[in-house]
Amino acid sequence: MIMQFNEETFREDYTFHNSDWAINRFPFPFHEDSYMYAVNMEQHRGGPEGSIYEKRFDVDEHYVAEMKDRAMVLSDDPLRCQSLPHMTLAGWDLLELIMVSKSEDYPDLFELHRNGDKWHWINKPLGIEDHFTFLDETTLPYGPMEYITRQTQGDFCVLDQRDDNLWMDAGIVTTQADWSLDFDIGMNFFEWHAPVPLAHEKGIFVRALKFLLNIQQGAPARRLNWTMTVNPLLDTSPENYHKWGVQKTEITPENIGRKQYLRVELQTFFRLPRSNGLVFPIRCYLIAFEDLVKIPKWGRRLHRVIRDLPVELATYKGFIDNRPMMLDYLSEFDDGEPTSDGIWPDRHLE
Amino acid sequence: MSKFNFPESIMSRPVYGTLEPRSGKAHLMVADAQGAEAIIGLSKADSGLLSKTHIIYIPKGTGDTYTGKLEKLGAAQLYVGPSYEAAKTRLQRTLAGAHMGLQVYLSGTEGLMGQAMLEATNAGIPHTAIQTEHRGSVARRMQCVHCKGITEDVMTDPFVCSHCGLSLFVRDHYSRRLAAFQGVCIDAEDPGNVPASVELYK
Ligand code: HEM
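Residues numbered from 1 in each chain as written. Chains lettered and ligands numbered in written order. Predicted model: local features only at pLDDT ≥ 70, side-chain atom pairs only at ≥ 80, totals over all residues. Heavy atoms only, no water.

*Asks:* Run through the overall build of chain A, naming residues and quoting values.
*Replies:* The number of helices and strands found in chain A is 13 helices and 10 strands. Computed over C-alpha atoms, the radius of gyration of chain A comes to 20 Å, within 12% of the 20 Å expected from 2.2 N^0.38 for 350 residues, which places it in the range of a compact globule. In chain A, the share of contacts with a sequence separation of at least 24, taken over all contacts with a separation of at least 6, comes to 72%. The distance from the centre of the 36 positive side-chain charges to the centre of the 57 negative ones in chain A is 3 Å. (Helix = DSSP H or I, 4+ residues; strand = E, 2+ residues; numbered from the N terminus. Rg over C-alpha atoms; globule rule 2.2 N^0.38 Å. Contact = heavy atoms within 4.5 Å. Lys, Arg positive; Asp, Glu negative; His and termini not counted. Charge placed at Lys NZ, Arg CZ, Asp CG, Glu CD.)

*Asks:* How would you sum up the sheet that holds strand 1 (residues 27-32) of chain B? Please name residues and give values.
*Replies:* Hydrogen bonds along the backbone pair up the strands of a sheet, which may run parallel or antiparallel. Residues and elements named next belong to chain B. The strand order across the open sheet built from 5 strands is 3-2-1-4-5, with neighbouring strands paired in parallel fashion. Two strands close off the open sheet at either side, each with one partner strand: strand 3 (77-80) and strand 5 (131-134). The mean angle between the axes of side-by-side strands here comes to 10°, regardless of whether they run parallel or antiparallel. Pairing of strand 4 (residues 103-108) with strand 5, which is carried by 4 bridges, proceeds in the parallel orientation. Bridging across to strand 5, Gly108 finds its partner in His134. Seen against the sheet, helix 1 (residues 35-45) touches strand 1, strand 2 (53-58), strand 4 and strand 5 and runs at an angle of roughly 145° to strand 1. (Pairing = 2+ DSSP bridges. Axes fitted to C-alpha atoms, helices over the stretch in contact; angles between N-to-C directions.)

*Asks:* I'd love a proper account of the coordination of the iron atom of the ligand, names of residues and values included.
*Replies:* Donor atoms from the protein around the iron atom of the ligand number only one, His193(A) (NE2), found at 2.0 Å. Looking at the element boundaries, His193(A) is found in the loop between helix 6 (189-192) and helix 7 (204-213). (Donors = N, O, S within 2.8 Å, 3.2 Å for Na, K, Ca; no water.)

*Asks:* I'd love a proper account of the packing of helix 11 (residues 296-308) of chain A against helix 13 (residues 323-331) of chain A, names of residues and values included.
*Replies:* Residues and elements named next belong to chain A. Packing of helix 11 against helix 13 brings their axes to within 9 Å, and their N-to-C directions diverge by 155°. Put simply, helix 11 runs roughly antiparallel to helix 13. Crossing geometry of helix 11 relative to helix 13 is assigned as left-handed. Facing helix 11, whose interface residues are Leu302, His303, Ile306 and Arg307, helix 13 presents Arg323, Met326, Leu327, Leu330 and Ser331. Taken together, the residues of the contact of helix 11 with helix 13 break down into 5 nonpolar, 2 polar and 2 charged. (Parallel < 35°, antiparallel > 145°, perpendicular 65-115°, else oblique. Left-handed = near helix turned anticlockwise from the far one by under 90°. Nonpolar A, V, L, I, M, F, W, Y, C, P; charged D, E, K, R; others polar.)

*Asks:* Describe the site of the ligand, listing the residues and the values that go with them.
*Replies:* All names here are of chain A. The local shell around the ligand holds 24 residues, among which Tyr37, Trp192, His193, Tyr316 and Lys317 are the closest. Within the contact set of the ligand, an oxygen atom lies 3.4 Å away from a side-chain nitrogen or oxygen of Asn225. One of the side-chain nitrogen or oxygen atoms of Tyr316 is found 2.4 Å away from an oxygen atom of the ligand. Within the residue set of the shell around the ligand, elements represented by two or more residues are strand 6 (155-162), strand 7 (165-172), helix 6, helix 7 and strand 8 (221-230). The element best represented in the shell around the ligand is helix 7, accounting for 4 residues. (Near = heavy atom within 4 Å. Polar contact = N/O pair within 3.5 Å; in protein donor to acceptor, adjacent residues only side chain to side chain.)

*Asks:* Kindly report on the packing of helix 3 (residues 84-96) of chain B against helix 4 (residues 110-122) of chain B, identifying the contributing residues and their values.
*Replies:* Residues and elements named next belong to chain B. Packing of helix 3 against helix 4 leaves a shortest axis separation of 10 Å and a crossing angle of 30°. On the basis of the axis angle, helix 3 is roughly parallel to helix 4. Where helix 3 crosses over helix 4, the handedness of that crossing is right-handed. In this structure, helix 3 uses Tyr84, Glu85, Lys88, Leu91, Gln92 and Leu95 to contact helix 4, whose residues at the interface are Leu112, Gln115, Ala116, Glu119 and Ala120. Across the contact of helix 3 with helix 4, the residue classes tally to 6 nonpolar, 2 polar and 3 charged.

*Asks:* Lay out the nonpolar core with the relevant residues and their values.
*Replies:* Residues and elements named next belong to chain A. By size, the foremost hydrophobic cluster in this structure holds 66 residues, and its most contacted members are Leu166, Phe189, Trp226, Met228, Leu262, Leu302 and Ile306. Here the element with the most residues in this core is helix 7; it accounts for 6 residues. In this view, Leu166 contacts Leu159, Asp160, Gln161, Met187, Asn188, Phe189, Trp192, Leu209, Leu212, Leu213 and Leu278; residues no more than four positions away in its chain are not counted. (Core = buried A, V, L, I, M, F, W, Y, C linked by side-chain atoms within 4.5 Å. Buried < 20%, exposed > 50% of the residue type's maximum accessible area, 1.4 Å probe, protein only.)

*Asks:* Which residues make up the interface of chain A and chain B, and what values go with them?
*Replies:* Each partner contributes residues to the interface: chain A has 23 residues there, and chain B has 23 residues. Three residues, Phe183(A), Tyr241(A) and His242(A), lead the burial of chain A against chain B; their summed loss comes to 32% of the area buried on that side. Applying the counting criterion to the chain A and chain B interface returns 5 salt bridges. Between Arg176(B) and Glu191(A) there is a salt bridge whose closest N-O contact spans 2.1 Å. Here chain A and chain B share 14 residue pairs in polar contact (both at pLDDT 80 or more) between them. Of all the elements in the fold, those that place two or more residues in the side of chain A that touches chain B are helix 5 (181-184), helix 6 and helix 8 (241-244) of chain A. Split into classes, the residues belonging to the side of chain A that touches chain B amount to 11 nonpolar, 6 polar and 6 charged. (Buried area = accessible area lost by both parts, 1.4 Å probe. Salt bridge = Lys/Arg side-chain N within 4 Å of Asp/Glu carboxyl O.)

*Asks:* Would you mind going over unusual backbone geometry in detail, with residue names and values included?
*Replies:* Most peptide bonds are trans, and most residues other than glycine sit at a negative phi. All names here are of chain B. The peptide bond linking Asp157 to Pro158 adopts the cis configuration, its omega dihedral lying at -5°. For Pro158, the position within the fold is in the loop between strand 8 (156-157) and strand 9 (159-160). In the Ramachandran plot, Ala33 falls in the positive-phi region, its phi being about 45° despite a non-glycine side chain. Tracing the sequence through the fold places Ala33 in the loop between strand 1 and helix 1. Not every positive phi belongs to a glycine, and Ala179 is a case in point at roughly 50°. Counting through the fold element by element, Ala179 comes out in the loop between strand 10 (167-175) and strand 11 (180-185).

*Asks:* How would you explain the sheet that holds strand 7 of chain A if you had to name every residue and give the values?
*Replies:* All names here are of chain A. Spatial strand order, 1-8-9-10-6-7-2: 7 strands in an open sheet with antiparallel pairing. Where the open sheet ends on each side, the last strands, each with one partner, are strand 1 (42-43) and strand 2 (81-83). Two strands pair when backbone bridges link them, and strand 2 and strand 7 are joined in this way by 3 bridges, in the antiparallel orientation. Across the sheet, Cys81 pairs through a bridge with Ile172, a residue of strand 7.

*Asks:* An account of the pairing of strand 10 of chain B is requested, with residue identities and associated values reported.
*Replies:* Residue and element names in this part refer to chain B. Relative to strand 10, strand 9 runs antiparallel, the two sharing 2 bridges. Note on strand 10: the bridge partner recorded for Phe159 is Leu168. A loop of 6 residues connects strand 9 with strand 10, the two strands running antiparallel in sequence, and Gly165 in this loop sits at a positive phi of about 85°. Across 5 bridges, strand 10 lies against strand 11 in antiparallel orientation. Paired with Phe169 across the bridge in strand 11 is Val184. In this antiparallel pair of consecutive strands, strand 10 and strand 11, the connection spans 4 residues, and Ala179 shows a positive phi of 50°.

In short, shape yes, function no, at least from these values alone.
The structure is reproduced here in C-alpha cells:
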C-alpha cells in the first residue's frame, strides 16, 4: 500500500481531516450501547487487515503532520519529555522495539540495518537517516526514547517495575487527554490514576496492575480508552488548558458536527527485554461527529452511550456542559433500531 | 493541641499519622510551627530518645512559643532556623552523613513535611519508612501546572499564582517529587469569572 500523508494542522486553523479510509478504520471504542470502566484488556496480536490493530505501531495518513505538531509542542515546553536517570536502558529497549517493528511491518517506509552495535536507520516519510552505535547515547541527537518517539505517533510512558508496582519514570507526552507528565513523573500506578472517578472503588486498578505486572516479552496487550475534544487539538494538556479550555464554549448547534471530536486512545503494553520495564504507548485517534455518524451503527450507539453515561464520567472527561448539545445532534442519527455486537462498522464508506 | 482530621481523598494525596518513638541509634526530627508539639510528645513517650536526636526546627510565625520548650528537651543537636529554604542545606548535609537505620520524623505543615520527605527519599530512605504527623496550618504548597511556579502556604481556593498571576483552583492531586499539590486555571472556560475564594476546609 502506498501511503499518502495529509498536509494538515492540529492547532490554529485546524485543517486536520480523515479520509474515508481513516473513517472506516477508526477505532470506535464501544462494543455495546452503554459504557462503564472495566478491565478491558486483550492480547495485542494483530487484527483485521488494514485495521489499526494490524501492526505493532500503526502508521497512518496523519503521521507526518503529527510529528510536526509534536516537535512544536516540545520546542515550546521541553518538560513534556522527561526521563529519570535510571531509565536510559529502557529508552534503548524502546528504540529497538520500535525500529524493529516498524522496519518489519512497513518495509517501504522504514529500514533498519544492523551490524553488531552499528545501526543504520532510515525513516523515509520524515526524511531521516542516521548511523549510530546501539547503547551509546553520544551517537544520537537526542536520548534514545526521545529520538525514536519524535518519529512515532502517540504518547509514550516508560514504566519501571519494582516493589510489585509500576512507576512512571520516563515519558514523552504531547497528545494527552488533560494530564501532566511533569506532575505525574515518579508516581506509581495508583498515584497517577488517583483522579479517575469510580474505577478505584470497583477494584479495576488493582486487577489491571496485576495483569500488567505479568505481561511477558513478545506478548503485548492493548485496550481502548476515549474522551471528547473540541477541535482536532492533539495537545489538550493541563499546561495549556488556560489557552484551549475556552474552545469548549465555542460549540454551537450549527458547528457541533464539525467541531466536536470523539477522541480515542489505542493503549498498548509491551515488556522491555533488558530493563524489564514496560512501555505504554497511547495512540490518539480523532474523528469529527459529522464523520462518525456516516457509519449508521456508530451514530446510533454513540447517542445511547453519551445519553446514559454516568455524570461522574462525563464530568471527569470534561464534556458535562456540552452533553445536552451533543445529544441534540446525535439523536438525529438514532432511529431506535438495534445495533450489532462489537466495535466494527456495519457499512463501509466507498 | 488539636489536630486536623483531613477528609478521605484520592490516592495520590498524602495521609499523615502520629509520630511514635522507634528504636535506633540516631534520630532526625524536622518540624515547623506547631509541629514542635509532636516532638515534645515524642520526648514524653520516650525520655531517652532526644539524647540521640538532631532537631531541625523552623518556628514559622510562632515566634518563640516553642523554642524554649524544645531547648529543654536535651536534644543531641537543636537547630532553629528562619525558614525551610535556609535550613535545607543543613538537612541535606545531615541526611548525606546519616548511617543506615536513621529514624526520620516529620511534623508540622504539609509543605514542610513534603519537602523534607523529598530530601530524605533523595538520600535513599524509602518514604514508607518515614513517619509524619500533621500539625498546625492546613496551608498547601501548590505547583501552578501552567507556569510551573510554586506558591507556598496557600490558604484559599481559588488562589492567585504568585508567579504568573493566573487564578488557580486547588486540587488534591499531589506529587511527591515536587512536594506540591496541583493548581489549575479556574476561569479557562469562562475567562474573568473567578469565584470568591474560600478558606481551605472551611
Ligand atoms: C501502565 C500503563 C498505564 C498508564 C501509564 C496509565 C496512565 C493514565 C493516566 C496518566 C491517566 C489520567 C489520570 C488523570 O486524570 O490525571 C489515566 C486514566 C485512566 N486509566 Fe490509565 N494508565 C495505564 C494503564 C491503565 C490500565 C491497564 C487500565 C485498565 C483498566 C487503565 C484505566 C484508566 C482509566 C479508566 C482512566 C480514566 C480515563 C478516562 O475516563 O478518560 N489505565 N491512565
